[in-house]
Amino acid sequence: MGPLDKNILKDDALKATASGFNLKVRSHWYRSLPLSSLGNLQVKINGLTIPHTQIKIELDGAIYSMEQVASLYKTWWFVLDPLALHITENNLQLKKGNQYNIEVEMGLLIPYVLTGKEEKPLLAASIVSKNLTCN
Amino acid sequence: MENSTTTKVNGPVMGTTLYAFTLDWLSGKYTLETMLAEVAKRRLCNAVEVIGFQSIKGFPEVSNAFVKDFRNWMDKYELVPFSVAVHADVAIRNGEKLSIDETVEYVARQIEIASKLGFSVVRSQMTAKAPVMRKLLPYAEKFKIKAGKELHSPYTLVHPEVIALRELYEELQTPYLGFVPDFGNSMRAIPKGMLDSFRKDGMTEPLIELIQKIWLNDFPTHEKYAQLQQEGLALGGTPAQLGRLNMVLSLFSRQKPEEWLEVMPQIVHIHGKFYSMENGEEPSIDYPALMKVFKQGGYNGYISSEWEGHLFTDEVSGFDIVKEHQEFCTRLLAE
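Residues numbered from 1 in each chain as written. Chains lettered and ligands numbered in written order. Predicted model: local features only at pLDDT ≥ 70, side-chain atom pairs only at ≥ 80, totals over all residues.

**So, the interface of chain A and chain B**
Note: interface size is frequently given as the accessible area lost on complex formation between the parts. Using the following cut-off: Contact between two residues is assigned when their C-beta atoms, built from the backbone, lie within 7 Å. Here a helix means four or more residues in a row that DSSP labels H or I, a strand means two or more in a row labelled E, and each is numbered from the N terminus. Under the grouping applied here, Gly and all other residues not named as nonpolar or charged are polar, the nonpolar ones being Ala, Val, Leu, Ile, Met, Phe, Trp, Tyr, Cys and Pro and the charged ones Asp, Glu, Lys and Arg.
If you look at the interface, chain A gives 20 residues, while chain B gives 25 residues. Ranked by the residues each element gives to the side of chain A that touches chain B, the list is headed by strand β10 (residues 99-115) of chain A, at four residues. The residue inventory of the side of chain A that touches chain B, partitioned by class, reads 15 nonpolar, four polar and one charged.

Okay, structure coming up:
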């Protein structure tokens, strides 16, 4: 979309864990949105797509599955807070200090911008790819 | 601190919206207090507008402690809380849209909080349509907040939904409901930075020429989307590219400055939208003409310097360009 896409992945976003890795992703919109606005989220590491069943989302201390997201319209995602993605991944065995290519595709449903005759919320889509050093 | 409705303003006076500092805000370098301190330190115009859902965590649910802190910051930094940009998130539930009454409740809560924080105006959006505005009136009166519907592209004065509002206001004759013109509705050119960003994204020249041609057509902006879709597809534009070109219509219209005179008595606030400053002027918006219209038209209120160039560049400091814009506008208003 534009310069705000650079916020999605910051340099400190990637961290190895015992069961895979954590990835902090941030919004590319200018204001807070409900978590239900996360209409699309795809994560790739070194070209491999992470299935949604292997992703949990942590926000303000609570953990959600990707399946739950669409119904969470009363759960606010403050624009300055990252979503901490807890990702289960057993094949790569990430090591601190190593670099990995991370690609995040994020589509945000904007609840006050209606498009088309059916007045569907605008899907603001962004895709970023970045080589990140693992913490 | 009194609600700033009691503050009398003579003529158009410049103000500062924190939205202009979106890049700085999203960088995470500021808290709300340090951002307000920066506005004061740089001596930007002291009437402040915030976007509730941008600047305040948990908005519109805020603690009494936050309300106290916020009012203290306004005093400490000698700022005037003027406007809160509220949102009408009618599509917040994936699926069924909010009903009229649910939308009223959603916006009314934001009006109440704006009042608690000491503001006197809220900017509402076109997703809160005329029936919602009618039902918001008792809340606006109760909390002494003027609720202004933002007239932002493609909602020019000839849009059917704007006409419905004008009829409603005619019927109700209240000072508590009004309009917030956005200068993106009165542009003379598509900002060069936007066209350059299309090129940088790999958009073809025929597509860029198409959007310029359509934008210059003399029919209302809201009727141009279909033409863009049809002719853009014929030129091989992808859905993502056409979506990006749609932004031109959703941000910029060509309503003549003097047409604002038609709703002048109902204007409660103004968004002084701008995208760039070159040689001390805004090349894509005829500010000299606009300032003349609002000054001679008898507008007494604030105009927020609303830089939105962050949509296509992050090489500009919002604080620097707002300063330049406010000096430019203040000079025009003094003429």
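**Focus on unusual backbone geometry**
P60 of chain B follows F59 of chain B through a cis peptide bond whose omega is 5°. Position of P60 of chain B relative to the elements: it lies in the loop between α3 (52-55) and α4 (64-76). In this structure, the amide linkage connecting S153 of chain B to the following residue, P154 of chain B, adopts the cis form with an omega of 5°. Mapped onto the fold, P154 of chain B is located in the loop between β5 (146-151) and α7 (160-172). Non-glycine residue E119 of chain A carries a positive phi angle of around 55°. For E119 of chain A, the position within the fold is in the loop between β10 and β11 (120-133).

**Focus: the packing of helix α5 (residues 100-116) of chain B against helix α6 (residues 130-142) of chain B**
Residue and element names in this part refer to chain B. Condition: Lines fitted to the C-alpha atoms define the axes, with helices restricted to the stretch that makes contact. Angles between their N-to-C directions range from 0 to 180 degrees. Helix crossings get a hand from a simple test, with the near helix turned counterclockwise from the far one by less than a right angle marking a left-handed crossing and a clockwise turn marking a right-handed one.
At a closest axis distance of 9 Å, the pairing of α5 and α6 adopts a crossing angle of 35°. Crossing hand, α5 versus α6: right-handed. For the pair α5 and α6, the contacting residues are I100, T103, V104, V107, A108 and I111 in the first and P131, V132, K135, L136, Y139 and A140 in the second. Here the contact of α5 with α6 is built from residues that sort into ten nonpolar, one polar and one charged.

**So, the sheet that holds β11 of chain A**
Residues and elements named next belong to chain A. We apply this condition: Here, any two strands with at least 2 DSSP bridges between them count as paired.
On the basis of which strands lie adjacent, the open sheet formed by four strands has the order β5-β4-β10-β11 and antiparallel pairing. Only two strands of the sheet have a single neighbouring strand rather than two, namely β5 (48-49) and β11. Here β10 runs beside β11; their pairing, made up of 14 bridges, is antiparallel. Within the sheet, the bridge partner assigned to I110 lies in β11 and is L122.

**Examining the environment of E67 of chain A**
Residues and elements named next belong to chain A. Our working rule: Our exposure labels follow a C-beta count within 10 Å of each residue's own C-beta, placed from the backbone: buried means 20 or more other C-beta atoms, exposed means 12 or fewer, and partly exposed covers the counts in between.
In this fold, E67 is placed in the loop between β7 (62-65) and β8 (76-77). In this structure E67 comes out as exposed when scored by C-beta crowding, with 9 C-beta atoms within 10 Å. Along the sequence, E67 and K56 sit eleven residues apart, while their C-alpha atoms lie 9.6 Å from each other.

**Topic: the sheet that holds strand β6 (residues 55-59) of chain A**
All names here are of chain A. Reading across from one edge, β1-β2-β9-β6-β7 is the order of the five strands in this open sheet, with antiparallel pairing throughout. At either margin of the open sheet sits one strand with a lone partner, and together these are β1 (14-17) and β7. Neighbour-to-neighbour, the strand axes of this sheet turn through a mean angle of 25°, independent of strand direction. Two elements, β6 and β7, share four bridges in a ladder whose sense is antiparallel. Paired with K56 across the strands is S65, a residue of β7.

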